[in-house]
Amino acid sequence: MPTERLRDPFREQLLEQRVVTLTGPLDDTACAEAAAELLHLDRADPGRELSLYLNSSGGALTPLLGLVDVVRSLACPVQTVCLGRAERTAAVLLAVGTPGRRVVMPQARLLLAHPDPGTEPDGHPLAAEELMHHADSWERRLRAVEALLAEATGTSRERVRHDLEHGLAMGAEGAVGYGLADTIGRRPPNG
């Protein structure tokens, strides 16, 4: 597992409680570290629930889709919890948690919108010619996100596509109504 995150005593305590946190941009490094922690916890005690706490404005599609694959491959149930905000790709992570275990806190803000195509594939800005080269791959990844959200929320792909293209902001009640979360938390969850 990445050593910088493990040297933090607070993070170590959270991991002991089977809690992984993702805050800030969802770039290659953050997603790889979270994936490593999730895989470690899953292997250490398969079948025992773990929690993924989110407070993020989102990030690049490539690391998100890799992390989604990890979350979906785990043997244990994954509680996803939105603390503060889950925007763009972070909203997808909230939605792909284990059904019935997706929580949004009362003051949280969510945004369904396409990520910025200028930060693919590694989170760093791309030059115009690189954007053209990656256009087909970008389109396939956008369609994959639409399919993930449609499946996780029970919303039609057409509506998901419209909402991603136009941006849809919502609070906790809206997130539950849309199907991004199952419940509104009333106090900090205990992992």
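Residues numbered from 1 in each chain as written. Predicted model: local features only at pLDDT ≥ 70, side-chain atom pairs only at ≥ 80, totals over all residues. Heavy atoms only, no water.

Asks: What exactly am I supposed to notice about unusual backbone geometry here?
Replies: Excluding glycine, residues mostly have negative phi values, and the peptide bonds linking residues are mostly trans. Phi at R18 is positive, roughly 65°, even though this residue is not glycine. With respect to the helices and strands, the residue R18 is situated in the loop between α2 (9-16) and β1 (19-23). Its relative accessible area of 2% is what places R18 among the buried residues. With a phi close to 55°, R88 is a non-glycine residue in the positive phi region. Relative to the elements of secondary structure, R88 occurs in the loop between β3 (78-87) and α5 (89-95). For R88, a relative accessible area of 33% gives the class partly exposed. (Helix = DSSP H or I, 4+ residues; strand = E, 2+ residues; numbered from the N terminus. Buried < 20%, exposed > 50% of the residue type's maximum accessible area, 1.4 Å probe, protein only.)

Asks: Got a minute to help me understand the side chain of R141 in this structure?
Replies: Relative to the elements of secondary structure, R141 occurs in helix α7 (residues 135-153). With relative accessibility at 12%, the residue R141 sits in the buried group. Among the polar contacts made by the side chain of R141, one reaches the side chain of T62 at a distance of 2.4 Å. (Polar contact = N/O pair within 3.5 Å; in protein donor to acceptor, adjacent residues only side chain to side chain.)

Asks: How should I be thinking about the pairing of strand β5 (residues 109-112) in this particular structure?
Replies: Two faces, one strand: in a regular strand the side chains alternate between the faces of the sheet. In β5, alternate side chains face the same way, and those of L110 and L112 are buried while those of R109 and L111 on the opposite face are not. Taken together, the 3 bridges between β3 and β5 define a ladder with parallel strand orientation. Counted as the bridge partner of A86 is L110 from β5. Note: β5 against strand β6 (residues 168-170), 3 bridges, orientation antiparallel. Pairing of L111 across the sheet is with A169, part of β6. (Pairing = 2+ DSSP bridges.)

Asks: What exactly am I supposed to notice about the packing of helix α3 (residues 28-44) against helix α4 (residues 61-73) here?
Replies: Helix-helix packing is characterised by the crossing angle of the two axes and by the distance between the axes. Viewed as axis vectors pointing N to C, α3 and α4 meet at an angle of 5°, and their least axial separation amounts to 9 Å. Put simply, α3 runs roughly parallel to α4. Here D28, C31, A34, A35, L38 and L39 of α3 lie close against α4, whose contacting residues are P63, L64, L67, V70 and V71. (Axes fitted to C-alpha atoms, helices over the stretch in contact; angles between N-to-C directions. Parallel < 35°, antiparallel > 145°, perpendicular 65-115°, else oblique. Contact = heavy atoms within 4.5 Å.)

Asks: Sorry if this is basic, but what is going on with the nonpolar core here?
Replies: For soluble globular proteins, nonpolar side chains are generally found buried alongside one another. Ranked by size, the top nonpolar core spans 50 residues in total, and within it L22, L93, L110, L149 and L180 carry the most contacts. If one sorts the elements of this core by residue count, α4 sits on top with 7 residues. Ignoring anything within four residues of it in the chain, the contact list for L180 reads A91, L94, A95, R102, L110, L112, L149, T153, M170 and A175. Counting 6 residues, the second-largest nonpolar core is a separate cluster that includes L14, Y53, V81 and M105. (Core = buried A, V, L, I, M, F, W, Y, C linked by side-chain atoms within 4.5 Å.)

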